[in-house]
Amino acid sequence: MSVTTHQDEDHADGGQEAGGREETREERADRQWGELIQEIRIAQTGVQIMFGFLLTVVFTPRFAQLSEADTTIYLITVVLGAAATGALIGPVALHRVVSGRRIKPRAVTWAARLTVTGLSLLLATLVTALLLILRVATHNHLVPWIVSGVFAWYLFCWLFLPLWAGRDGKE
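The shown structure was predicted, so the numbers you read here are calculated from the model rather than taken from an experiment. Each chain carries its own residue numbering, running from 1 in the written order of its sequence. For a predicted model such as this one, the threshold for reporting local features is a pLDDT of at least 70, and the threshold for listing and counting side-chain atom pairs is 80 or more; totals across whole chains, interfaces and linings nevertheless cover every residue. Only heavy atoms go into the side-chain values, all of them from the structure, while hydrogens and water stay out.

This paragraph deals with the overall build of the protein chain. Only DSSP runs of H or I covering at least 4 residues are called helices, and only runs of E covering at least 2 are called strands; the numbering of each starts at the N terminus. Scanning the protein chain from N- to C-terminus turns up five helices and zero strands. Beginning at the N terminus, the succession of helices and strands in the protein chain can be written as α-α-α-α-α. Three exposure classes are used, based on accessible area relative to the maximum for each residue type with a 1.4 Å probe and protein chains only: buried under 20%, partly exposed in between, and exposed over 50%. A burial count over the protein chain gives 30% of its 171 residues as buried. It only takes one pair of heavy atoms within 4.5 Å for two residues to be counted as in contact. Taking contacts inside the protein chain between residues at least 6 apart in sequence as the whole, the part at least 24 apart equals 67%. For accessible areas, the Shrake-Rupley method is used with a probe of radius 1.4 Å. Any residue's cover is judged against the shown protein chains and nothing else. Of the roughly 11,500 Å² of accessible surface on the protein chain, 63% is carried by carbon and sulfur atoms.

What follows is about the packing of helix α2 (residues 25–57) against helix α3 (residues 68–98). Angles shown run from 0 to 180 degrees and are taken between the N-to-C directions of axes, each axis being a line fitted to C-alpha atoms and, for helices, limited to the stretch in contact. Between α2 and α3, whose axes approach to 9 Å, the crossing angle comes to 150 degrees. One element, α2, and the other, α3, form an angle in the roughly antiparallel class. Every pair of crossing elements has a handedness; the one defined by α2 and α3 is left-handed. Together, Trp33, Ile40, Ala43, Gln44, Val47, Gln48, Phe51, Leu54, Leu55 and Val57 of α2 and Tyr74, Thr77, Val78, Gly81, Ala82, Ala84, Thr85, Leu88, Ile89, Pro91, Val92 and His95 of α3 make up the contact between the two elements. Grouping the amino acids of the contact of α2 with α3 by side-chain chemistry returns 16 nonpolar, six polar and no charged. By the definition adopted for this analysis, an angle is roughly parallel if under 35 degrees, roughly antiparallel if over 145, roughly perpendicular if from 65 to 115, and oblique otherwise. Crossings are assigned a handedness: left-handed for a near helix turned anticlockwise from the far helix by less than a right angle, right-handed for a clockwise turn. In this classification, the charged set is Asp, Glu, Lys and Arg, the nonpolar set is Ala, Val, Leu, Ile, Met, Phe, Trp, Tyr, Cys and Pro, and all remaining amino acids, among them Gly, are polar.

This next bit is on the packing of aromatic side chains. Working definition: an aromatic ring pair is given by the centre-to-centre distance plus the angle between the planes. Pairing of aromatic rings covers Phe, Tyr and Trp, the last through its six-membered ring, and needs centres within 6.5 Å; plane angles under 30 degrees mean stacked, over 60 mean edge-to-face, and all others mean tilted. Counting across every chain of the model gives three aromatic pairs. Each ring, one from Phe63 and one from Tyr74, has its centre 5.1 Å from the other, and the planes form 70 degrees; the classification is edge-to-face. Here the residue Phe63 occupies a position in the loop between α2 and α3, and Tyr74 occupies one in helix α3, the gap between them amounting to 11 residues. Phe63 sits in the buried class, given a relative accessible area of 16%. Given the relative accessible area of 4%, Tyr74 is considered buried. Each ring is checked for a lysine NZ or an arginine CZ that lies within 6 Å of its centre and within 35 degrees of its normal; such an atom marks a charge sitting over the ring. The side chain of Arg113 reaches across the aromatic face of Trp110, ending 4.8 Å from its centre.

This part is about the confidence of the model for the protein chain. You can read pLDDT as the predictor saying how much it trusts each residue, on a scale of 0 to 100. Mean pLDDT over the protein chain: 85, with 87% of residues reaching 70 or higher. Per-element averaging of pLDDT across the protein chain places helix α1 (residues 6–10) at the bottom with 38 and helix α5 (residues 143–165) at the top with 95. Taken as a whole, residues 1–17 scores under 50 in pLDDT and shows 17 contacts with residues more than four places along the chain or in a different chain.

Looking now at unusual backbone geometry. Despite not being glycine, His139 shows a phi value in the positive range, around 55 degrees. Topologically, His139 is positioned in the loop between α4 (104–138) and α5.

With that settled, consider the packing of α2 against α4. Contact pair α2 / α4: the axes reach a minimum separation of 9 Å and the direction vectors enclose 25 degrees. Our classification of the angle between α2 and α4 gives roughly parallel. Considering how the two elements wind past one another, α2 and α4 form a crossing that is left-handed. On α4, the residues touching Arg25, Ala29, Asp30, Gln32, Trp33, Leu36, Ile40, Ala43, Val47, Met50 and Leu54 of α2 are Lys104, Pro105, Ala107, Val108, Ala111, Ala112, Thr115, Leu119, Leu122, Thr125, Leu126 and Ala129. When the residues that make up the contact of α2 with α4 are grouped by side-chain class, the tally is 17 nonpolar, three polar and three charged.

Given below as structure tokens:
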């Protein structure tokens with residue numbers, strides 16, 4: 001039988017985490033929030049540059065010459081880029097709205113979900129943009145294979161490698 005102390009009650013898991021870090025639930029949320037914001041800054045920059053570029057394409061003379069299929073790919077890409085932008089900026093708005101309400105652990109969870117959604121939408125945006133660019137630039141029958149290879153590379157870098165690296169939590 002163990003005795004619960006006040007210190008144990010302050011820890012979300014009753015003591016140390018598996019990695020040996022002692023922090024309260026609020027301290028963990030503060031740390032996780034800081035880490036998440038740093039990650040979002042990188043993704044936001046990429047999605048904002050990509051989205052800004054996509055918005056200008058419609059105003060170029062060559063846009064009118066696109067086939068119906070390429071115009072459809074472009075429109076899908078713009079919508080994906082807009083959605084990715086919203087999801088990756090969402091955590092900042094979430095933090096601002098809930099700040100001071102003492103729900104940071106929940107806010108971190110929702111912000112992390114928005115970030116994963118945003119990264120998934122960014123992945124789709126990049127793949128469809130690459131498809132459009134290569135179709136217009138080359139008209140080559142290898143374009144779908146090239147795009148599939150880049151998509152596989154993104155999945156390896158963004159999903160499989162992190163999952164593999166963290167499979168047992170040890171280095």
